[in-house]
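Topology and contacts: notes
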Amino acid sequence: VKTASPTQDRRFDVPVIGNRLIELGANGAERTVWSTWDHWDPSVGDFVEEDGTWTHGNALDYDAGRDVYTVGFRGVDAVVEVDNGSGLALRQVGGPTSSYAELPKSDRQLGQHQFQWIDGGILLFDNHTEETGSRVLVLELDDAAGVATPGWSLAHDPLLFTFAMGDVDLAEDGSLLVTWSSNGVVTDFGPDGDVRWELSTDIGTGFGYVERSEALPGMVRLH
């Protein structure tokens, strides 16, 4: 049994939300895989959010084939790939000590949530700012040159600012499922970029992170 989650800790007067990657064994024993305290120094630079929190880990994926975790940190605008065996950070997209040259503010992710590694880069739900609205953002990554290049991006029409959560999923056929969580909106874009369907409700962050399913449990698929 393998489960993992970012956890909370406090070492000084800055509360830290989601600072450690901890793996739980079958017997419940905890093993710290990686810690933000060993990767960043909060006393250097302006890395603390307005509410006083620091890293704010908010998204976690696991690649079983490579035994690698990817963790997103809203508070430092960064996504970090971590090797489970060695506990080393393999690469970092955005934030302090990024593996790639810094981008202008308009081109980089800000307060991002869910993400997806894609061929040649990373797909992000970029919450960004209230003035610009939230968006789906692709960063093309050149590991050898240490350069991240903005690829395509997509925003809701009209603009939505998703202040909490947000998810994105690119399917093999090129269709895109976007969850504007705090807005209570889910949009399905076809491979051509056109909206195939959209669901809008008043439940807000009741839409968190979403997974595609052919049918709900106990329900018959209609043809």
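This structure is a prediction, so every number in the text was calculated from the model and none was measured. (Residues numbered from 1 in each chain as written. Predicted model: local features only at pLDDT ≥ 70, side-chain atom pairs only at ≥ 80, totals over all residues. Heavy atoms only, no water.)

**As for the overall build of the chain**
- Looking only at helices and strands, the chain features 0 helices and 15 strands.
- Here the chain holds 223 residues, and the buried ones make up 43% of them.
- Partitioning the contacts of the chain with sequence separation of at least 6, the portion at a separation of at least 24 is 41%.
- Accessible surface computed for the chain: about 11,800 Å², of which carbon and sulfur atoms make up 50%. (Helix = DSSP H or I, 4+ residues; strand = E, 2+ residues; numbered from the N terminus. Buried < 20%, exposed > 50% of the residue type's maximum accessible area, 1.4 Å probe, protein only. Contact = heavy atoms within 4.5 Å. Areas by Shrake-Rupley, 256 points an atom, 1.4 Å probe, with all protein chains shown as cover.)

**As for the pairing of strand β13 (residues 176-180)**
- Taken across its 5 residues, β13 has 5 buried, putting it largely inside the fold.
- Covered by surrounding structure in β13 are Leu176, Val178 and Trp180 together with Leu177 and Thr179, the residues of both alternating faces.
- Once strand β12 (residues 167-170) ends, the chain turns through 5 residues before running back antiparallel as β13, passing Gly174 with a positive phi of about 90°.
- Sheet topology note: the β13/strand β14 (residues 185-189) ladder contains 5 bridges and is antiparallel. Paired with Thr179 across the bridge in β14 is Val186.
- Taking the residues between adjacent antiparallel strands as the criterion, β13 and β14 are bridged by 4 residues, where Gly184 takes a positive phi near 70°. (Pairing = 2+ DSSP bridges.)

**Thoughts on the sheet that holds β12**
- Spatial strand order, β12-β13-β14-β15: 4 strands in an open sheet with antiparallel pairing. For this open sheet the edge positions go to β12 and β15 (195-200), each flanked by a neighbour on one side alone. Pairwise comparison of adjacent strand axes, ignoring direction, gives a mean angle of 10° for this sheet.
- With 5 bridges connecting them, β14 and β15 associate as antiparallel partners. Each bridged residue has a counterpart across the sheet, and for Val186 the counterpart in β15 is Leu199. (Axes fitted to C-alpha atoms, helices over the stretch in contact; angles between N-to-C directions.)

**Structural notes on the nonpolar core**
- Core analysis: the largest hydrophobic core is formed by 13 residues, its most contacted members being Leu21, Trp34, Trp40, Phe73, Val76, Val80 and Val82.
- Residue assignment for this core shows that the elements contributing at least two residues are β3 (30-35), β5 (68-73) and β6 (78-83).
- Trp40 has contacts with Trp34, Trp54, Thr55, Phe73, Val76, Ala78, Val80, Gln92, Pro96 and Thr97, leaving out every residue within four places of it along the chain. (Core = buried A, V, L, I, M, F, W, Y, C linked by side-chain atoms within 4.5 Å.)

**A look at the pattern of salt bridges**
- On inspection of all chains with the given rule, the structure shows 8 salt bridges.
- As a salt-bridge pair, Arg31 and Glu23 come within 3.3 Å of each other at their nearest N and O atoms.
- Take Arg31: its relative accessible area is 34%, and that puts it in the partly exposed class.
- With relative accessibility at 12%, the residue Glu23 sits in the buried group.
- Via salt bridges that share partners, Arg66, Glu81, Arg91 and Asp143 belong to a single interconnected network. (Salt bridge = Lys/Arg side-chain N within 4 Å of Asp/Glu carboxyl O.)

**Considerations on the packing of aromatic side chains**
- Throughout the structure, instances matching the rule amount to 5 aromatic pairs.
- Look at Trp34 and Trp40: their rings are 6.2 Å apart centre to centre, the planes differ by 85°, and that puts the pair in the edge-to-face class.
- Overall, Trp40 belongs to the buried group, its relative accessible area being 4%.
- Grouping aromatic residues by their ring pairs yields a cluster made of Trp34, Trp40 and Phe73. (Phe/Tyr/Trp six-rings, centres within 6.5 Å; stacked < 30°, edge-to-face > 60°.)

**A closer look at the sheet that holds β6**
- The strand order across the open sheet formed by 4 strands is β4-β5-β6-β7, and the pairing between neighbours is antiparallel. Two strands in the sheet have a free side with no partner beyond their single neighbour: β4 (57-63) and β7 (89-93). Averaged over all adjacent pairs, the angle separating strand axes in this sheet is 15°, with direction ignored.
- Of the pairings in the sheet, the one linking β6 to β7 comprises 4 bridges and is antiparallel in character. From the neighbouring strand, Val79 faces β7, where its bridge partner is Val93.

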